[in-house]
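# A closer look at the structure
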Amino acid sequence: SINQSINQSIMKFTSLALMASCFTSVIAFAPSSTLNTNTITAGSIINSKLHAVKPGNCNGNGNDNDWMESIQKNLKGAATATLLASAIWASPTAILGNTNDVHGNVNNPLLQQIQSSVMADAKEMASGSGSRVNKDAESLLRLGLPIPKDKEVRKFQAVIEEIRQDIQTKRKSSAIDGLKNTKKTIKSKSTEFQKMCQSPSTCEAILTQMNDILDPESANVAESQQFGSGSDQERAALDKAYKLQSDLQKLLTSLEEQMVPAGFATPVPEEYGDLPQLRGGRAVVEFVLNKPNGAPFDVEGVNFDQAKMTMVIDGFTAPVTGGNFVDLVQKGFYNNMKIQRSDGFVVQTGDPDGPADGYVAKPSKSIGAGKHGERLIPSEIFIKGDKGPFYESTIEDEGRGGEATVLPFSSYGAMGWAREEYDANSGSSQFFWLLFDSDLTPAGKNVLDGRYPVFGYVVEGADFLRDIKEDDTIISAKVTDGLQFLVQPK
């Protein structure tokens, strides 16, 4: 009957949702060789990955009558609380079964209500009750710099970054006010900021350059106010202001990098000394990709012969993971390697041809080798407020679920290290770019932060990830800056 079908569909979704909550499986980011994305279904996950439990609790115990009486009352809350975990595998509408008409529309009123309620609550929860998620990769990298006593410079940074938002959203008066406040801060805090720098004279020059940008940028924003909204003249004036703002923020990055204490390096346990490390700085890596048969990359209707991406790899937050990646890039490991996964959620590569799942080399004594001789690296998670990362476990293993990581998965193109689902120390050479969606992966509320290390971000060319597909080829991967920070094993 229709009611029986509905109840079975509800039971199917609720079972998956509750199991996702209990186990928080992260199969989506296992190395590609352990995952066949074409054969994963809700049923296969229940049977083989989540060890099906009876709805009611995480121990498999429950009363059918009690559960059936309360299912509709509790479905909304259960689904909302677990959507972020279960969304990795399948959407709620897919899990509910075949309830669509020939046009793909949900044709059952009860299921329409459930679908609408679940998705609305998920978006409300994921948005952080209206708080704005920081999606700016360069901002996140600045915030990840280990600057002591950084309160004033962080205030300075926040004002400058808000100006960009104001220009983008045409809050012109607010942008002009922000530029005025920036000018005042440079005047009042210049000496204090210079004292925080490795080279005070270098910071003095940077602050002078920043100050020189402010008046022309303000003039461009003011000019845009003279023209009608949407006019070519307004756009031209705002484009000039935006370009100057980008220059201003690059100088801000240079200023803050000067504030990292000279010689500082994130502490790493001695047992990982036989692995490459990125010590005391950051590296810049550039990838160039081609499509098969010379096809173009389509980015919002504009065709490009090649995809070029620039990435900043952070040795302050992920010295072992970042060092491993930069070492592999420098060795040419990723040259001529194909993209092995592109599913709308991540783009992933790093699995070489042959039986090995990663880079085969002399292993670390502390971690050992993979089943085919792969050099493995430990999981590396750095939580805000800590003096360094912890290794070989996840944020849940440490009993610190919900705490914020220094670098979160909150920017489109955030780079994470892939590993097997249940082994934190099984990563070797495979990594992924996250195609960030703030409704499904909000910082601090997702199934990624603290479970996988973020070791860098795409800072230029991230839009190419929208059209990078399986079998596209990395024709060139090279380190363009920061190679001096790569420390090879002794």
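These notes cover the structure that comes with them. Since the structure is predicted, the reported quantities are computational estimates derived from the model, not experimental observations.

### Focus: the nonpolar core
- Counting residues in each nonpolar core, the largest one holds 66 residues, and the members touching the most others are Phe287, Phe325, Tyr334, Trp433 and Ile468.
- In this structure Tyr334 touches Phe287, Phe325, Leu328, Val329, Gly350, Trp417, Ser429, Phe431, Ile474 and Ala477, once residues within four positions along its chain are discounted.
- By size, the runner-up hydrophobic cluster in this structure holds 30 residues, among which are Leu145, Phe156, Ala175 and Ile176.

### Points about the pairing of strand 14 (residues 473-481)
- In terms of strand pairing, strand 2 (residues 282-290) meets strand 14 through 7 bridges, oriented antiparallel. Bridge pairing links Asn290 to Thr473 in strand 14.
- Both strand 6 (residues 337-338) and strand 14 contribute to a ladder of 2 bridges, which runs antiparallel. Counterpart to Lys338 in the pairing with strand 14 is Thr473.

### Considerations on the pattern of salt bridges
- Enumeration according to the criterion identifies 24 salt bridges in this entry.
- Among the ionic pairs, Glu162 bridges to Arg171, the shortest N-O distance being 3.2 Å.
- Residue classification places Arg171 among the partly exposed residues on the basis of a relative accessible area of 35%.
- The shortest N-O distance in the salt bridge between Glu396 and Arg451 comes to 2.0 Å. Here Glu396, found in the loop between strand 10 (390-391) and strand 11 (414-417), pairs with Arg451, found in the loop between strand 12 (431-434) and strand 13 (454-460); they are 55 residues apart in sequence, far enough to count as distant.
- The class for Glu396 is partly exposed, based on a relative accessible area of 36%.
- Exposure remark for Arg451: the relative accessible area of 12% places this residue in the buried category.
- Residues joined by salt bridges that share partners form a network here, namely Glu152, Lys155, Lys189 and Glu192.

### Side note on helix 9 (residues 200-224)
- With 25 residues, helix 9 extends 37 Å from end C-alpha to end C-alpha; this agrees with the ideal 36 Å at 1.5 Å per step.
- Inspection of helix 9 places Cys203, Ile206, Leu207, Met210, Ile213, Leu214, Glu217, Ser218, Asn220, Val221 and Ser224 among the buried residues, and these make up the whole buried set.
- Where the residues of helix 9 are buried, they touch helix 7 (151-168), helix 8 (172-195) and helix 10 (232-258).

### Some words on the state of the cysteines
- Under the criterion given, the structure shown has 1 disulfide.
- Each disulfide pairs two cysteine sulfurs, and for Cys197 the partner residue is Cys203, the sulfurs being separated by 1.9 Å. Measuring handedness by torsion sign, the sulfur bridge of Cys197 and Cys203 sits at about -100 degrees and is left-handed.
- The exposure class of Cys197 is buried, given its relative accessible area of 8%.
- On the accessibility criterion, Cys203 (0% relative accessible area) is buried.

### Description of the packing of helix 8 against helix 9
- Remark: helix 8 packs on helix 9, axes separated minimally by 9 Å, with the N-to-C direction vectors making an angle of 165 degrees. Judged on the interaxial angle alone, helix 9 and helix 8 are roughly antiparallel. For the element pair helix 8 and helix 9, the recorded crossing hand is left-handed.
- Residues belonging to the contact of helix 8 with helix 9 are distributed by class as follows: 12 nonpolar, 6 polar and 5 charged.

Here is what the cut-offs are and how they apply
- For every chain, the first residue of its written sequence is number 1, and the numbers climb from 1 along that sequence.
- Local features in a predicted model are, by the rule used here, given only for residues with pLDDT of at least 70; side-chain atom pairs are given and counted only at 80 or more, and totals for whole chains, interfaces and linings are based on all residues.
- To get the side-chain values, take all heavy atoms of the structure and skip hydrogens and water.
- Side-chain atoms within 4.5 Å are what join buried Ala, Val, Leu, Ile, Met, Phe, Trp, Tyr and Cys residues into a set we call a nonpolar core.
- For the exposure calls, accessible area comes from a 1.4 Å probe over protein chains only, and a residue counts as buried if that area is under 20% of its type's maximum, exposed if over 50%, partly exposed in between.
- Only heavy atoms enter the contact rule, under which two residues are in contact if any of them lie within 4.5 Å.
- Two strands are said to pair when DSSP picks up at least two bridges between them.
- Only DSSP runs of H or I with at least four residues qualify as helices, and only runs of E with at least two residues qualify as strands; both kinds are numbered from the N terminus onward.
- When a carboxyl oxygen of Asp or Glu lies within 4 Å of a side-chain nitrogen of Lys or Arg, that pair is called a salt bridge.
- The span one expects for a helix is its residue count, reduced by one, times 1.5 Å.
- Disulfides are defined in this document as cysteine sulfur pairs within 2.5 Å.
- Here an angle of 0 to 180 degrees is reported between the N-to-C directions of two axes, which are lines fitted to C-alpha atoms, with helices fitted over the stretch in contact.
- Here the angle decides the label: under 35 degrees means roughly parallel, over 145 means roughly antiparallel, 65 to 115 means roughly perpendicular, and every other value means oblique.
- Take the far helix as your reference; a near helix turned counterclockwise from it by less than a right angle gives a left-handed crossing, and one turned clockwise gives a right-handed crossing.
- In this classification, the charged set is Asp, Glu, Lys and Arg, the nonpolar set is Ala, Val, Leu, Ile, Met, Phe, Trp, Tyr, Cys and Pro, and all remaining amino acids, among them Gly, are polar.

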